[in-house]
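The primary structure of each chain is shown beneath.
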Amino acid sequence: MTTTLPGLNASAQTAPSGADAFDQQQVRLAVTHLLQALGVPGDSEVARNTPRRVTDALTQLLTPEPLAFTTFLNDDSHHDLVLVREIPFTSLCAHHLLPFYGHAHVGFYPKERLPGLSKIARAVAAFAARLQIQESLGQQVATYLETQLGCDDVGVVLVAEHLCMTRRGARAAGTNAVTIATRGRLARDQAVRSEFLCLAMPSARDS
């Protein structure tokens, strides 16, 4: 069974993201005005080419690759934890327009259907490709997988560095933010939750 990830194009029910969600010409113009406000000479190479560069970079960061989420029947009645760790992602902070990046650890207890495991990584990347805050990103991925897999036992751990915290403001270099989004038994049952968190973040367990 294949379903298309919601919220990634203009026809989806949720707000669109990616190049179809903003006017690239207006983005270039806004960057031109920003450079002027920052005192960049209008006849410089930066003034001529940086608006295009910034628009191209934002388009790449905010445009997810098309994703058809494929699942198949759980013929062998697999019921134990399935965990995909160390999924790299990069997103753009909705508060400061600076990147945050890190790894996602995603687990679930299957019911009738199983996913192609690569689709979990693609789902993380797709939801990261929008203006985000980390807490919302984890919840969005958890809700999406819960819906697509027909199970209510899903957990998402995100560990990320935020340049808005490590390079400005507090300038707390080396700091990571950890967020956890859980559903079903992963939220209610302490033993199940502990199993997931210990396997998702073994370094935290051993520290």
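Residues numbered from 1 in each chain as written. Predicted model: local features only at pLDDT ≥ 70, side-chain atom pairs only at ≥ 80, totals over all residues. Heavy atoms only, no water.

### Here we look at the pairing of strand β3 (residues 82-93)
Here β3 runs beside strand β4 (residues 99-108); their pairing, made up of 9 bridges, is antiparallel. When the sheet's bridge partners are listed, L92 is paired in β4 with P99. Hairpin remark: β3 followed by β4, antiparallel, with 5 residues in the connecting loop; positive phi at L97, about 60°. (Pairing = 2+ DSSP bridges. Helix = DSSP H or I, 4+ residues; strand = E, 2+ residues; numbered from the N terminus.)

### Let's talk about the nonpolar core
Counting 30 residues, the largest nonpolar core has F89, V106, F108, L137, L145 and V156 as its most contacted members. Here this core takes 6 residues from helix α4 (residues 134-149), the largest share from any one element. If we skip the residues at most four places from it in the chain, F89 touches F100, Y101, G102, H103, A104, V124, A128, L137, L158, V159 and A160. (Core = buried A, V, L, I, M, F, W, Y, C linked by side-chain atoms within 4.5 Å. Buried < 20%, exposed > 50% of the residue type's maximum accessible area, 1.4 Å probe, protein only. Contact = heavy atoms within 4.5 Å.)

### With respect to the layout of surface pockets
Empty space within the largest pocket amounts to approximately 420 Å³. Breaking the lining of the largest pocket down by element, the ones donating at least two residues are α1 (24-37) and α2 (45-61). The leading source of residues in the lining of the largest pocket is α1, at 5 residues. Looking at the lining of the largest pocket residue by residue, the classes come out as 16 nonpolar, no polar and no charged. Among the secondary structure elements, those contributing two or more residues to the lining of the second largest pocket are α2, β3 and α3 (117-128). Considering every element that reaches the lining of the second largest pocket, the biggest residue donor is α3, with 4 residues. Per-class residue counts for the lining of the second largest pocket are 10 nonpolar, 3 polar and 2 charged. (1 Å grid on protein atoms, 1.4 Å probe; cavity = no way out; pocket = protein on both sides within 12 Å on 5 of 7 lines; lining within 4 Å. Points joined across faces, edges and corners; volume = space filled by probe spheres on them. Nonpolar A, V, L, I, M, F, W, Y, C, P; charged D, E, K, R; others polar.)

### Some thoughts on the sheet that holds β4
Here we have 5 strands laid out as an open sheet, ordered β6-β3-β4-β7-β8, and mixed in their pairing. Edge positions in the sheet fall to β6 (131-132) and β8 (177-182), since each of these pairs with one other strand and no more. In the sheet, β4 pairs with strand β7 (residues 154-162) via 9 bridges, with the strands oriented antiparallel. Residue pairing for β7: G107 is matched across the bridge by G155. α4 rests against β3, β4, β6, β7 and β8 of the sheet, and its axis sits at about 155° to β7. (Axes fitted to C-alpha atoms, helices over the stretch in contact; angles between N-to-C directions.)

### Here's the deal with the packing of α3 against α4
With their axes 10 Å apart at the nearest point, α3 and α4 run at an angle of 135° to one another. When the interaxial angle is binned, α3 and α4 end up oblique. For the pair α3 and α4, the crossing hand works out as right-handed. Listed contacts from α4 to I120, A123, V124, F127 and A128 of α3 are L137, Q140, V141, Y144 and L145. Along the lines of polarity and charge, the residues of the contact of α3 with α4 split into 9 nonpolar, 1 polar and no charged. (Parallel < 35°, antiparallel > 145°, perpendicular 65-115°, else oblique. Left-handed = near helix turned anticlockwise from the far one by under 90°.)

### Topic: unusual backbone geometry
Excluding glycine, residues mostly have negative phi values, and the peptide bonds linking residues are mostly trans. Despite not being glycine, S77 shows a phi value in the positive range, around 55°. Looking at the element boundaries, S77 is found in the loop between β2 (68-73) and β3. For S77, a relative accessible area of 53% translates into the label exposed. In the Ramachandran plot, R171 falls in the positive-phi region, its phi being about 50° despite a non-glycine side chain. Mapped onto the secondary structure, R171 falls in the loop between α5 (163-166) and β8. Given a relative accessible area of 61%, R171 falls into the exposed group.

### A short note on helix α7 (residues 190-200)
Every buried residue of α7 is accounted for by V192, F196, L197 and A200. Viewed end-on, α7 has its buried residues packed into an arc of 125°, placing them on one side of the element. Exposed residues on α7 whose side chains face more than 90 degrees from its buried face are Q190 and A191. Measuring from the side-chain oxygen of the N-cap residue of α7 to the backbone nitrogen of A191 gives 3.0 Å; that N-cap residue is D189. (Arc of directions from axis to C-beta. Polar contact = N/O pair within 3.5 Å; in protein donor to acceptor, adjacent residues only side chain to side chain.)

### Here we look at the pattern of salt bridges
Evaluated as defined, the whole model comprises 7 salt bridges. The partner of R53 in a salt bridge is E45, with the nearest N and O atoms 2.3 Å apart. As a salt-bridge pair, E161 and R167 come within 3.5 Å of each other at their nearest N and O atoms. Residue classification places R167 among the exposed positions, given a relative accessible area of 51%. (Salt bridge = Lys/Arg side-chain N within 4 Å of Asp/Glu carboxyl O.)

Note that all results are geometric; they support no functional claim without further evidence.
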